[in-house]
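Given next are the chains, with one letter for each unit.
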Amino acid sequence: MIRLPGLIDPHVHVREPGQTHKEDWDTVTQSALAGGVTMLLAMPNTKPPIFDESTLNLALDAAKAKARCDYGQYLGAGPDNAAEVARLAPRSAALKMYLDSTFGQLRLDDMTLWLEHFRQWPGETPIVTHSESRSMAAALWMAQMFDKPIHIAHISLREEVLLIKAAKEHGVKVTCEVCPHHLFLDLVGAQQCCAPTPGRVEVRPRLATKADVDALWANLDVIDCFATDHAPHTLAEKDGENPPPGFPGVETMLPLLLTAVSEGRLTVEQIVEKAVTNPRRIFKLPEQPETWVEVDEKARYEIKAAEMHSRCGWTPFEGWKVKGKVIKVVLRGETAFENGKILVKPGFGQNVRA
Ligand code: DOR
Ligand code: ZN
């Protein structure tokens, strides 16, 4: 048995308010605890999006009533809310800017709209961008121009990790994260192994090539955080017409990473660095006293959506054989999860910015 600190997932789509048929604050935080995640940061592309004081209150009220693990809530960058989100910054996890193909209404295409956010965001926490390839380069340049910290969400490409490496070497205040699905799946492989319907491989950023996946593994030292981009959509939606992009992932991250440890591709120290220490530093998150995760690093089991806690009812890793199981999670002195059972009530979770 090994003991890890509680994991921090800085990239989770909770779906509440507005799309609780996919997930809500209760189910997502159960899924998090079962995956050894004791703190999550919730993305703002809900319905309505979280982009001003009243929508922030809407999300935080739901979280306060229902969350079973600790949480923060992102604000979304819109076309005309730069001053408002800057004012609300202390109550938020950070600012999220959608600059490329995504799910929801928050995408900003006109680069002059990005400028106002880079100018006004206070910069105590980073501006987190969904920016791929060349829009990532443009966002890096804007961060450098305004001397603001930027965190690149879910990198997936060789050119992205190498550009970030160069930017770090030149003193740009950039950090980045990678998702398990971009480390463990490439598009062709996933189409063969894990996709009974085309919708099951739809995710943004898209799954990439084997060469991209290899480059991410080869440059893990450039990557600051592991983040799941847990993006639940129901099985009926994924297998229907116009399947929305996104994979659930908050419950499968740790077993997948522990399996990589057992294969000698990763160390436990790297898991702690990228899933606890670095996200805590980058997002200025509080310590969680008396909080830990007990894992049986030798236990082998098969990933099954039917045994997981997300409302979405599927996983791209169905049937994968993993080695490393979460046995027990203690959060602020309370046993929150043990032997497959959630033991804390809705409302036990605390807002990290309260
Ligand atoms: O695959 C994705 N799903 N990419 C995004 O940018 C959004 C996310 C979602 O909210 O479903
Ligand atoms: Zn996301």
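Below: a short report on this structure. Source: prediction; values computed, not measured. (Residues numbered from 1 in each chain as written. Chains lettered and ligands numbered in written order. Predicted model: local features only at pLDDT ≥ 70, side-chain atom pairs only at ≥ 80, totals over all residues. Heavy atoms only, no water.)

1. Some points on the packing of helix H1 (residues 25–34) against helix H2 (residues 53–66)
Closest axis-to-axis distance for the H1/H2 pair is 9 Å, and the angle between their directions is 60°. Classified by the angle between their axes, H1 and H2 sit oblique to one another. Both H1 and H2 take part in a crossing whose hand is right-handed. From H1, Trp25, Asp26 and Thr29 reach across to H2, where they touch Ala59, Ala62, Ala63 and Lys66. For the contact of H1 with H2, the residue count by class is 4 nonpolar, 1 polar and 2 charged. (Axes fitted to C-alpha atoms, helices over the stretch in contact; angles between N-to-C directions. Helix = DSSP H or I, 4+ residues; strand = E, 2+ residues; numbered from the N terminus. Parallel < 35°, antiparallel > 145°, perpendicular 65-115°, else oblique. Left-handed = near helix turned anticlockwise from the far one by under 90°. Contact = heavy atoms within 4.5 Å. Nonpolar A, V, L, I, M, F, W, Y, C, P; charged D, E, K, R; others polar.)

2. Some points on the environment of Ala167
Tracing the backbone through its elements, the reader meets Ala167 in helix H6 (residues 158–169). Here Ala167 falls in the buried class, since its relative accessible area comes to 8%. Placed 23 residues apart in sequence, Ala167 and Gln144 show a C-alpha to C-alpha distance of 9.3 Å. Discounting chain neighbours no more than four positions away, the residues touching Ala167 are Leu140, Val172 and Val174. (Buried < 20%, exposed > 50% of the residue type's maximum accessible area, 1.4 Å probe, protein only.)

3. Some points on the pairing of strand E2 (residues 7–12)
Of all 6 residues in E2, 6 are buried; the element is thus mostly enclosed. Examined bridge by bridge, E2 and strand E3 (residues 37–42) share 4 bridges and lie parallel to one another. Bridge pairing in E3 links Asp9 to Leu40. For the segment spanning E2, H1 and E3, crossover handedness is right-handed. (Pairing = 2+ DSSP bridges. Right-handed = clockwise from strand over helix to strand, strands pointing away.)

4. Looking at the sheet that holds strand E6 (residues 95–98)
Judged by pairing direction, the sheet is parallel, and its 6 strands sit side by side in the order E5-E6-E7-E8-E9-E10 without closing on themselves. Lying at the two open borders of the sheet, with one neighbouring strand each, are strand E5 (75–76) and strand E10 (225–226). Where strand E8 (residues 150–152) and strand E9 (residues 174–178) come together, 3 bridges link them in parallel fashion. Across the sheet, the residue bridging to Ile152 is Cys176, located in E9. The strands touched by H6 within the sheet are E8 and E9, with E9 carrying the most contacts at an inclination of about 155°.

5. Points about the state of the cysteines
Inspection of every chain in the model, using the stated rule, returns 1 disulfide. Between Cys193 and Cys194 runs a disulfide, and the two sulfur atoms are separated by 1.8 Å. Judged by relative accessible area, Cys193 falls into the partly exposed class, the value being 48%. Overall, the relative accessible area of 14% leaves Cys194 in the buried class. No disulfide involves Cys179; its nearest neighbouring cysteine sulfur is the one of Cys176, lying 11 Å away. In this structure Cys179 comes out as buried when scored by relative accessible area, which is 0%. (Disulfide = S-S within 2.5 Å.)

6. Observations concerning unusual backbone geometry
Residue Pro48 is bonded to the preceding Lys47 through a cis peptide linkage, with omega at 0°. Tracing the chain through its elements places Pro48 in the loop between E3 and H2. Here the residue pair Arg204 and Pro205 is connected by a cis peptide bond, since its omega of -10° sits within 30 degrees of zero. Note that Pro205 resides in the loop between helix H8 (187–193) and helix H9 (210–218).

7. Observations regarding the coordination of the zinc ion (ligand 2)
With distances of 2.0 to 2.1 Å, the protein atoms coordinating the zinc ion (ligand 2) are His11 (NE2), His13 (NE2) and Asp229 (OD). When the donors of the zinc ion (ligand 2) are listed by position in the chain, the intervening gaps give H-x1-H-x215-D. Placement of the pair is His11 in strand E2 and Asp229 in the loop between E10 and helix H10 (235–239), with a sequence separation of 218 residues. Overall, His11 belongs to the buried group, its relative accessible area being 1%. Its relative accessible area of 4% is what places Asp229 among the buried residues. (Donors = N, O, S within 2.8 Å, 3.2 Å for Na, K, Ca; no water.)

8. Here's the deal with the nonpolar core
Trp25, Leu40, Met97, Trp114, Ile152, Ile155 and Leu254 are the most contacted members of the largest nonpolar core, which has 92 residues in total. Leu40 has contacts with Asp9, Val12, Val14, Trp25, Val28, Thr29, Ala32, Cys69, Asp70, Tyr71 and Gly72, leaving out every residue within four places of it along the chain. (Core = buried A, V, L, I, M, F, W, Y, C linked by side-chain atoms within 4.5 Å.)

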